[in-house]
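Residue strings, one per chain:
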Amino acid sequence: MASRKTTVPLLLVLLSLLLEFLIVKAVIIHPHDGYLNKACIEGERKALLEFKHGLEDPSGWLSSWVSADCCKWRGVDCNNQTRNVVKVDLRNRDYLYSKGLGGEISDSLLHLKYLSYLDLSSNDFQGIRIPNFLGSFERLRYLNLSNAKFGGTIPPHLGNLSQLRYLDLNGGYSYYSLTIGIYNLNWLSSLPLLKYLDLGNANLNKATTNWMQPVNMLPSLLELHLSSCEISDFSHYSDSNPFVNLTSLQVIDLSYNNFNTTLPSWLFNITTLRDLYLHHGAIRGPIPHVNLQSLGNLGTLDLSYNGIASEGIELVNGLSICCNNSLEELYLGYNRLSGELPDSLGNFNNLRSLDLSYNSFDGPFPNSIQHLTNLESLYLSRNSLSGPIPVGIGNMRRMKRLDLSLNLMNGTIPNSIGQLRELTELNLDWNSWEGVIFEIHFSNLSKLEYFSLHLSPKTKKQSLRFHVRPEWIPPFNLKYIYISNCDVSPKFPSWLKTQKRLESIVLENVGVSDTIPEWLWKLDINFLVLSRNQLFGKLPKTISFRSSEVLVDLSFNRLVGLLPLWFNVTWLFLGNNLFSGTIPLEIGELTNLKVLDVSGNLLNGIIPTSIGKIKYLSVIDLSNNHLSGKIPKNWNNLHQLYAIDLSKNKLSGGIPDWICSISSRTELTLGDNNLTGELFSSLQNWTQLYSLDLGNNKFSGEMPKWIGERMSSLQRLRLRGNMLSGDIPEQLCSLSDLHILDLALNNFSGAIPQCLGNFTALTSMTLLDIENDDDKTYAWYFDHMDLVVKGQDMGFESILQIVKLIDLSSNNLWGEIPEGITNLLTLGTLNLSQNHLTGKIPQTIGGMQGLETLDLSCNYLSGSIPPSMSLITSLNHLNLSHNLLSGPIPSTNQFSTFNDPSIYEANLGLCGIPLSTNCSTPNDQNHEDDQDDEADRYMTWFFISMGLGFPVGFWAVFGSLALNKSWRHAYFRFIDETIDWLHVFIIVNMVPLKRKIERVRFHG
């Protein structure tokens, strides 16, 4: 009985323990099952719906916001116990392809009392202000409004978010970001727990408080991002108080500002600093002389795109001691660093990325860099490095990206480069490589995706050639291949057929003389350049490219047949081939076309009017064909057309109105046709035009004054070979950018404008844009113009931007050469020949140091050749013939090389070499002058004597005869006898003379 009594309580205890165990187990296994069936709080659900009602949702992101449980809605998270909404994440993660949310932000969100996380980034709120009420969320720890296109002023109310840890208000690169500003930064000091702050693209320039003061009040801050904030100084605050209270800061991003000063010393005192971004900051030297030991944790340093010079080398040397183990990324590209690459670079044991591109480093590739065995990216492009690639480069086994382009390197490319197994990008462009590239160069490059090997066109074509077997199967699978000015193969490279991932192919001037294989058109490529080879044969009539935007350049080959119709090509270059026939009437169906270049072929017929349907067309070049008829009149829809070249055809009629109606036009080239009419006033709508070529047509009338008043961007004006008349308007002098003015072979009259020396572009040096000349950035339209230089017709293309010419020859201009024209110090060609100019050659002409060609022939210029002309050392073509010049020809400098006497002919007063007329020496001249003076004195007295002697002698003789009769009879008798004697003498002597003449005739 007792045992039973004791057993029952024991069983009850065991059962209770078992039940408790099961309950605990259930709780452990399914701890939240009790809350899963509990919906969100109704008031918060209504608040979210009201918030949704104010939004615009074109992509349907909030389509799930309809069910009863708002905790299951997209972007909404709730507390698992209380079911309060704690997180709203509506970030547009597909912002590249989707517009995202817009509209208004309702203050109904204030009902979300427990909200701790709000993300509305990468949406499109179209410039509305950030609502003030966002500063009322007491529990908010995370706020991200970046790249959401807010505008106005950032509200200081955000300073009430005392629990905030993360604040990202980066405006992004949108129109609205330019209007975001902050006038008061003091509210930042009320966020003591803030760890992440990004105010990028907000204008801090007008803030009443220096940005450093409130930032220095954030001791918990880990990351500071103030890029593109128009900050103009680092901080005067730190200069007066070097102590910086940023004891936890790990990341500083102050890029894209305009500091225009040196680096502050406080930056080097932040011991926790890990990443420092100061690129595009207008920072210059010197670097502060501080102890760099504080930067022992520095992992990333980006000082690219600044004005740092030799002091940057000192910084590298210092960092190689204190950061040799921590530094992983070093970016110093686009500065003014010079000299040889420092050997200290080899001390960065863990360096993964090194960018020293676009500086002025010279000397050989340093051996020390070969010791950077962890290096993954090396960018040394656009320097002056010389010598070969060291063989030891093959030891850098982790290398993924190698760019040595645009240097002065030479020699052979080592086989060891084929040992870089991780290499994905290899760029060796624009050096002077030589030798042979074999298959072994690519033996282990199985991951290679990008390969570029452009040699300079100035390099001998045969200096580098490829030697691979026709059946070679490369280990890689390229996406991009760019090769030019090398000898690849006379046959089209068959190994390209194995590259199934190819997107871009450039084989330019590589010696291929073959037809284009059919398999090439089946590749999924969007960029195909095979120009400047000897490709022949016909093209397929239709091709189906898969990409929506495709570039095809087959120019400068020997392709024949009719023009193809490739409907999804965007940029089509077929110029300088042998295509014939007419332009297809259906060409207007190529609605994707933006650029059409079929210049330099054998096309004939009319220009199809259907081209007017290609509404996205921006460049059309039909020049140098045999096209006839008139320019179509119905191309009114071509609003994006900025470059038109119809030159060197047989077009007639006038310029249609549609050409003049689009103000965005920048280049118009209609020269060398049979166009007629006047330059009507509607042309003045071309306010952005910078090149106008209407030369060698039949345009008439006067040159309008508005060319100089409205076309302020005009750089090149060619109107030669027309029938234009009237004065040259002085308004042309307002075109400060004009560097080519060709008005030759017209009927212009009047004086040359005195203001002609005001062309600013002809007074300063213009450098050739090597970037565009050397780089493979593709130009949609290549500027070209035919000019008469050094007496010859010459075509200019790549150097057209530096050609400086004024040609006013073969007109009816009169008056003197303006003195101001000698202000054009960099003018290269001046041709004023075949006019009616008078006066003297300006004495200050010697200041035109850029002058290479000077033609003043066939005028009425007088005086001597100015001695200062011998100072023009660049002068190599001169013509002063057919003028009234006199005096000695200069014999020093360039004049000693002008040995052709024809350049001085028909100047009767000129003397000296190379003319046969010698000039007197100064001593002879003085002696002759003395003799001339003495002769003048004798002649003076001679004429005085004659003046007095003639009347005295006359009256002495004839007065005596008149007064004395016997003398008068005796005188006349003497005259009669003398006449009779002469008559008898002639008769007697004429008879023998006559007989002698007859004998001579008979015997002859």
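Since we're looking at a predicted model, the values are computed, not measured.

J.: Describe the sheet that holds strand S16 (residues 360-364), and please don't skip the residues or the numbers.
T.: Backbone hydrogen bonds hold the strands of a sheet together, and the pairing may be parallel or antiparallel. Ordered by their spatial adjacency, 5 strands build an open sheet running S14-S16-S18-S20-S22, and the pairing between neighbours is parallel. Bordering the open sheet on either side are strand S14 (338-340) and strand S22 (432-433), each of which pairs with just one other strand. For strand S20 (residues 408-411) and S22, the ladder comprises 2 bridges, and the chain directions are parallel. From the neighbouring strand, Gly 411 faces S22, where its bridge partner is Trp 433.

J.: With reference to specific residues and values, describe the pattern of salt bridges.
T.: Using the criterion set out here, one finds 16 salt bridges in the structure. When the shortest N-O distance is used, the salt bridge between Arg 45 and Glu 42 registers 3.8 Å. Placement of the pair is Arg 45 and Glu 42 together in helix H3 (residues 42-53), with a separation of 3 residues, close to one helical turn. We classify Arg 45 as buried; its relative accessible area is 14%. Note on Glu 42: relative accessible area 42%, which makes it partly exposed. A salt bridge links Arg 83 to Asp 69, with the shortest nitrogen-to-oxygen separation between them at 3.8 Å. Remark: Asp 69 occurs in the loop between strand S1 (55-56) and strand S2 (76-78) and Arg 83 occurs in the loop between S2 and strand S3 (85-89); sequence separation between them is 14 residues. With relative accessibility at 8%, the residue Arg 83 sits in the buried group. The exposure class of Asp 69 is buried, given its relative accessible area of 10%.

J.: I'd like a description of a nonpolar patch on the surface, backed by residues and values.
T.: Judged by side-chain polarity, Tyr 95, Leu 96 and Tyr 97 come together as a nonpolar surface patch covering roughly 450 Å² of accessible area. Of note, Tyr 95 is situated in the loop between S3 and strand S4 (102-103).

J.: I'd like to hear about the pairing of S16, residue by residue, with values.
T.: Summarising the sheet, S14 and S16 pair through 3 bridges and their orientation is parallel. Across the sheet, residue Glu 340 finds its bridge partner in S16, namely Asp 362.

J.: Describe the sheet that holds strand S57 (residues 884-888), and please don't skip the residues or the numbers.
T.: The strand order across the open sheet built from 3 strands is S55-S57-S58, with neighbouring strands paired in parallel fashion. Across the chains shown, the open sheet's two edge strands, defined by having one partner strand only, are strand S55 (862-863) and strand S58 (909-911). The sheet contact formed by S57 and S58 spans 3 bridges and is parallel. In the sheet register, Ser 886 faces S58, and the bridge partner there is Gly 909.

J.: Lay out the pairing of strand S39 (residues 650-653) in plain terms, naming residues and giving numbers.
T.: Only one face of S39 is covered, namely the face carrying Leu 651 and Gly 653; the face carrying Lys 650 and Ser 652 is uncovered. Alignment of strand S37 (residues 626-630) against S39, held across 3 bridges, turns out to be parallel. For Gly 629, the partnering residue across the bridge sits in S39 and is Leu 651. Where S39 and strand S41 (residues 674-678) come together, 2 bridges link them in parallel fashion. If you follow Gly 653 over to S41, its bridge partner there is Leu 675.

J.: Summarise unusual backbone geometry; cite the residues concerned and give the values.
T.: For the peptide bond that leads from Ile 913 to Pro 914, omega is 10°, which places it in the cis range. Turning to its location among the elements, Pro 914 is positioned in the loop between S58 and helix H10 (922-963). Backbone geometry at Asn 509 places phi at a positive 55°, although glycine is not the residue there. Examined against the element boundaries, Asn 509 turns out to sit in the loop between strand S27 (504-508) and strand S28 (527-529).

J.: Describe the state of the cysteines, listing the residues and the values that go with them.
T.: The tally for this structure, following the rule as stated, stands at 4 disulfides. Residue Cys 40 pairs covalently with Cys 70 via a disulfide, S to S 2.1 Å. Since a negative S-S torsion denotes a left-handed disulfide, the Cys 40-Cys 70 link at about 140° is right-handed. Remark: Cys 70 occurs in the loop between S1 and S2 and Cys 40 occurs in the loop between helix H2 (33-36) and H3; sequence separation between them is 30 residues. As far as the burial class goes, Cys 40 and Cys 70 line up, both buried. In this model, Cys 733 is linked to Cys 755 through a disulfide, with the two sulfur atoms separated by 2.0 Å. Across the disulfide from Cys 733 to Cys 755, rotation about the S-S bond amounts to roughly 70°, and the bridge is consequently right-handed. On the criterion of sequence distance, the pair formed by Cys 733 in the loop between strand S45 (723-726) and strand S46 (740-742) and Cys 755 in the loop between strand S47 (747-751) and helix H9 (770-774) is long-range, its members being 22 residues apart. Taking relative accessible area as the criterion, Cys 733 reaches 8% and is therefore assigned buried. On the basis of relative accessibility, which here comes to 17%, the residue Cys 755 falls in the buried class. For the chain, the bonded cysteines pair up as 1-2, 3-4, 5-6, 7-8 when numbered in the order they occur along the sequence.

J.: An account of a negative patch on the surface is requested, with residue identities and associated values reported.
T.: On the surface, Glu 678, Glu 702, Asp 727 and Glu 730 cluster together into a negatively charged patch. Relative to the elements of secondary structure, Glu 702 occurs in strand S43 (residues 698-702).

J.: Can you tell me about the side chain of Asp 124, naming the residues and giving the values?
T.: Position of Asp 124 among the secondary structure elements: in the loop between strand S5 (117-119) and strand S6 (142-144). Salt bridges are absent for the buried Asp 124, whose nearest opposite-charge side chain, Lys 149, sits at 4.1 Å. Within the structure, the side chain of Asp 124 is placed 3.3 Å from the backbone nitrogen of Gln 126, a separation counted as a polar contact. Beyond its immediate stretch of four places on either side in the chain, Asp 124 contacts Lys 99, Leu 101, Gly 102, Gly 103, Ala 148 and Lys 149.

J.: Kindly report on the environment of Arg 397, identifying the contributing residues and their values.
T.: With respect to the helices and strands, Arg 397 occurs in the loop between strand S18 (384-387) and strand S19 (401-403). Of the residues examined, Arg 397 reaches a relative accessible area of 43% and is grouped as partly exposed. Put simply, Arg 397 and Leu 372 are 25 residues apart on the chain and 9.8 Å apart in space, counted from C-alpha to C-alpha. From its side chain, Arg 397 meets the backbone oxygen of Gly 394 in a polar contact 2.7 Å long.

J.: Tell me about the nonpolar core, residues and numbers included.
T.: Among the nonpolar cores identified, the biggest contains 252 residues, and Trp 211 and Tyr 904 are the most heavily contacted of them. At 5 residues, helix H6 (residues 311-322) tops the list of elements feeding residues into this core. Ignoring sequence-local partners within four residues, the contact set of Tyr 904 consists of Ile 865, Leu 878, Leu 880, Ser 881, Ile 889, Phe 895, Phe 898, Leu 910, Pro 914 and Leu 915. Among the nonpolar cores identified, the runner-up in size contains 10 residues, and Phe 527, Phe 573, Val 595 and Ala 643 belong to it.

J.: For the confidence of the model for the chain, give the residues involved together with the corresponding values.
T.: Parts of the prediction with low pLDDT should not have their coordinates interpreted in detail. Per-chain confidence: the chain averages 86 in pLDDT, with 84% of residues scoring 70 or above. Across residues 1-36 the pLDDT falls below 50, and counting only partners more than four positions away or on other chains, this stretch makes 5 contacts in the model. In the predicted structure, residues 236-240 sits below a pLDDT of 50 and forms 5 contacts with residues beyond four places in sequence or in another chain.

Parameters at a glance
Counting restarts for each chain: residues are numbered from 1 in the order of the written sequence. Side-chain atom pairs in this predicted model are given and counted only at pLDDT of 80 or more, local residue features only at pLDDT of at least 70, and totals for whole chains, interfaces and linings cover all residues. Side-chain metrics in this entry use all non-hydrogen atoms of the structure; hydrogen atoms and water are not considered. When DSSP finds two or more bridges between a pair of strands, those strands are recorded as paired. Comment: elements are numbered from the N terminus, with helices defined as DSSP H or I runs of at least four residues and strands as E runs of at least two. A pair is scored as a salt bridge if a Lys or Arg side-chain nitrogen falls within 4 Å of a carboxyl oxygen belonging to Asp or Glu. Partly exposed residues are those whose accessible area sits between 20% and 50% of the maximum for their type, while under 20% is buried and over 50% is exposed, using a 1.4 Å probe and protein chains only. Exposure above 30% relative accessible area and no salt bridge define the residues that can form patches, which grow by joining like charges within 9 Å and nonpolar side chains of Val, Leu, Ile, Met, Phe, Trp and Tyr within 5 Å. The method behind every accessible area is Shrake-Rupley, applied with a 1.4 Å probe, and residues are considered shielded solely by the protein chains displayed. Cysteine sulfurs are considered disulfide-paired once they come within 2.5 Å of each other. Positive charges come from Lys and Arg alone, negative charges from Asp and Glu alone, with His and the N- and C-terminal ends not counted. Just so you know, the charge point we use is NZ for Lys, CZ for Arg, CG for Asp and CD for Glu. Any pair of nitrogen or oxygen atoms within 3.5 Å is treated as a polar contact; in protein, a donor-acceptor pairing is required on top of that, and neighbouring residues in sequence qualify only through side-chain atoms on both sides. Contacts are assigned to residue pairs with any non-hydrogen atoms lying within 4.5 Å of each other. What makes a nonpolar core is a set of buried Ala, Val, Leu, Ile, Met, Phe, Trp, Tyr and Cys residues whose side-chain atoms join them at distances within 4.5 Å. pLDDT runs from 0 to 100 and stands for how confident the predictor is about each residue.

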